[in-house]
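# Commentary on secondary and tertiary structure
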Amino acid sequence: MKIKKIRNSLKRIKAISKKEIRELLRDKRMLGVIFLFPIFLLIVFGYAINFDVKNVKIAVCDLDKSSESINFINSLISSEYFDLVNFIQYGDADKYLDQNLAQCIIVIPKDFSHKIYSNDLVQIQYLIDGVQGNTATLIMNYVNAATLNLSKQVTNKFLLRIGRSYFVPIQIEPRFWFNPDLNSTRFLLPGLIGMILILVSVVTISLSIVREKEMGTIEQLNVSSLSVSELLIGKIIPYIIIAFTNAGIILITGYIFFDITIKGSFIWLLICTLIFLSASLGMGIIVSVIADSLQVAFQIGTLISLLPSLLLSGFIFPIESMPKVIQVFTNITPTKFYIKCLRSILLKGAGIEFYWEQLLYMILFSISTLLIASKLYAKKMK
Amino acid sequence: MNSIEVFELTKKFGSFTAVDNVSFNVKEGEIFGFLGANGAGKSTTIRMLCGILEPTSGDAFVGGYSIVKSPDKVKLNIGYMSQKFSLYNDLTVEENIEFFGSIYGLFGKSLKQKKEWVLEVSYLRGKEKLLTSSLPTGIKQRLALGLAVIHKPKIVFLDEPTSGVDPIFRRNFWDLINELSSEGITVIVTTHYLEEAEYCNDIILIDSGKIIAQGNPKQLKTNYIHHPIFEIQCENATDIIECLEKQNFVDEVSLFGNNIHVITNSNLKEINQILELLSDKNVKSISKITPTLEDVFIHLLEKKNENQKN
């Protein structure tokens, strides 16, 4: 008896899912949005959002015009960080910075070569465009490093002449693990997956339920022997499949365009994603209970999924540097925890022992959203 | 045998009472008409009887099950077709049938049989692959009705099934309703087309959530209007209406197309009183008629409004 009941229940769930997939396959526009949107976002984010500063435009005001000064300039522009724009007069410096012709201007004093060899202190002036704070800091670090390097060479030469050699007692040897070339796309990809998945799931499921409300078909379902949980499970299954396909597309695109591979366990990646999706779909169902029209559902859905994922999840802005109050607020989005899991799995290849807390939180989050969602849904129907 | 028994059913939305202390019975196998203006409380009552809306107070037994205690059992025994057209427009005919069939627990062979039946009653045999959105409204309604009874319920609720359908399809649709009824299915239908009410075995008229009349069409016509009613064929109707309204033997005057219906009262001693009054007007004919349901309802509603004013 009980087995028969369960079997019938499963058949009804299957009927709902099948219907949902058929409707979706006919909605070409929706399909396009669902599957092309992630690729578009990934490429835009991958190429456009780049924290690396390369090809800084520099202009040089060489007042010395000696072989030493030319040497110095060459050593700068031979790296990929600097591009020489022009040699300029000192008076043109304003113009170059104002019109954004150069981001940094190097002024080499008249007595540069003379002072270097007479054991005197030389001062090189760097004028850096400080409008973009982050970039300016990076430029400063680059020129510092380059200048330090030159100083070292000069000192070395000097010491060699008196029969000594240069010796630095402590040397720094930084190695960047998990992202050796400090590629920011690699850092962004987990957040991007999280953001796209939550956005697509919240919006698709809420639209699908609200459309039934608008069409009046929901009445027909309510009056049948279909239970609320059967309906919701039947609705969720197709969108989980879609979201997984999406995650796959993003990973493949990430591999093709940005050479990003999965370092850790594939199984745990699936499990984390499944839990994250349940939480997102639960949020989508809640949206569908609140919203009565497709437009409202789309707006609320986008708002609650996109904004927190973008701003509060640690996707772009590190949570550690936020004020304490805001840090508490970051817990409202499951994306925060999913991103931590993804970074561990994708980039570090770390085991479950490093992200079980995040996983646990996501499980709690999805259970509570799904419970609230089905309760709200059932209540609204009364 | 009653297939539906309603006891003092009431539904309040905040301070607004949509259905006010309504009681009635529906006999097994009959076509039961539920009449009233838009917003009178018809749909709310139907939705409560279907078990999708909880009543504020009162109870009803539908197919023997209480809508308060076991709405899920109620749902198993009923079919429902709502006011809003409720098929999936982006599915084909066949896919709609399969979907609703499975939702109601039909699979395999029984689903296949039912599919054939639905295709037949909706004239869609050979058009299974058409998208539902491309069908004319009348056909869609037949398909929707077919799907509402696909699981062979004992009772089916039709909420304004014929609104927006042209007269020929409406007649046609009623043939299908009669067919269901002859198979022993109880049909509860709401409508605001009064000529459709004539097809019902029993009718209740509801206004502002209250029942104001009930009975079969014949009873309604005789029980609620006691005095003669006349039909006047004429050219300048507005003139005559104005003139008649002032008379003390006239209860109500209403316009039916080009004709005027006059409900008289006990002050009218003989028909000549009217003839004399209208002798100088351009009147083609005056005849005594049996009231239509429309006469009855207009009469009842006006009487109710007057009572409320007093």
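This one's a predicted model, so the numbers in the text were calculated from it and none came from an experiment. (Residues numbered from 1 in each chain as written. Chains lettered and ligands numbered in written order. Predicted model: local features only at pLDDT ≥ 70, side-chain atom pairs only at ≥ 80, totals over all residues. Heavy atoms only, no water.)

## Section: the domain arrangement of chain A
The domain architecture assigned to chain A consists of domain 1 (8–49 + 183–381) and domain 2 (56–153). Distance between the C-alpha centres of domain 1 of chain A and domain 2 of chain A: 49 Å. (Domains from an automatic or database assignment.)

## Re the environment of His-192 of chain B
All names here are of chain B. Tracing the backbone through its elements, the reader meets His-192 in the loop between β8 (186–191) and α7 (194–197). On the basis of relative accessibility, which here comes to 36%, the residue His-192 falls in the partly exposed class. Linking His-192 and Thr-132, residues 60 residues apart in sequence, is a C-alpha distance of 26 Å. Excluding residues that lie within four positions of it along the chain, His-192 makes contacts with Gly-36, Asn-38, Lys-42 and Glu-160. (Helix = DSSP H or I, 4+ residues; strand = E, 2+ residues; numbered from the N terminus. Buried < 20%, exposed > 50% of the residue type's maximum accessible area, 1.4 Å probe, protein only. Contact = heavy atoms within 4.5 Å.)

## Structural notes on the interface of chain A and chain B
Facing 26 residues of chain A, the contacting portion of chain B comprises 29 residues. A combined buried area of about 2,600 Å² lies between chain A and chain B, and 58% of that area is made up of carbon and sulfur atoms. For the chain A face of the interface with chain B, the top three residues by lost area are Arg-26, Gln-220 and Val-223 of chain A, together amounting to 25%. Counting across the interface, chain A meets chain B through four salt bridges. Of the charged contacts in the structure, one is a salt bridge between Glu-95 of chain B and Arg-26 of chain A, with a shortest N-O distance of 2.7 Å. Counting the contacts that link chain A with chain B gives 10 residue pairs in polar contact (both at pLDDT 80 or more). Mapped by element, the contributors of at least two residues to the side of chain A that touches chain B are α1 (2–26), α7 (184–215) and α8 (217–223) of chain A. Here the side of chain A that touches chain B gets 10 residues from one element, more than from any other, and that element is α1 of chain A. Residue classes in the side of chain A that touches chain B are distributed as seven nonpolar, seven polar and 12 charged. (Buried area = accessible area lost by both parts, 1.4 Å probe. Salt bridge = Lys/Arg side-chain N within 4 Å of Asp/Glu carboxyl O. Polar contact = N/O pair within 3.5 Å; in protein donor to acceptor, adjacent residues only side chain to side chain. Nonpolar A, V, L, I, M, F, W, Y, C, P; charged D, E, K, R; others polar.)

## Section: the domain arrangement of chain B
Each domain of chain B was delimited in the assignment, giving domain 1 (2–216) and domain 2 (226–290). For domain 1 of chain B versus domain 2 of chain B, the distance between C-alpha centres works out to 40 Å.

## Overview of the environment of Ser-163 of chain B
All names here are of chain B. Locating Ser-163 in the fold gives a position in the loop between β7 (155–159) and α6 (167–182). Judged by its relative accessible area of 27%, Ser-163 is partly exposed. On a C-alpha basis, the gap between Ser-163 and Asn-77 in space is 25 Å, while along the polypeptide they are 86 residues apart. In this structure Ser-163 touches Gln-141 and Tyr-193, once residues within four positions along its chain are discounted.

## Re helix α13 (residues 334–348) of chain A
Along an α-helix, residues three or four apart share an orientation, since each turn contains 3.6 residues. All names here are of chain A. Helix length check: α13, at 15 residues, gives a terminal C-alpha distance of 21 Å against a target of 21 Å (1.5 Å per residue), a fit within 8%. With 13 of its 15 residues buried, α13 lies for the most part within the structure. Of the residues trailing α13, Gly-349 is marked for its positive phi of about 65°. (Expected span 1.5 Å × (residues − 1).)

## A closer look at the sheet that holds strand β11 (residues 229–234) of chain B
Residue and element names in this part refer to chain B. Spatially, four strands are ordered β12-β13-β11-β14 in an open sheet, and the strand pairing comes out antiparallel. Single-partner strands in this sheet number two, and they are β12 (250–256) and β14 (283–289). Between one strand axis and the next, the sheet turns through 20° on average, direction left out of account. Inspection of the sheet shows β11 paired to β14 by six bridges, in the antiparallel sense. Opposite Ile-229, over in β14, you have Ile-289 as the bridge partner. Sheet contacts for helix α9 (residues 237–245): β11, β12, β13 (259–264) and β14; angle to β12, the most-contacted strand, approximately 165°. In this fold helix α11 (residues 293–309) packs onto β11, β12, β13 and β14, with an angle of close to 130° to the strand it touches most, β12. (Pairing = 2+ DSSP bridges. Axes fitted to C-alpha atoms, helices over the stretch in contact; angles between N-to-C directions.)

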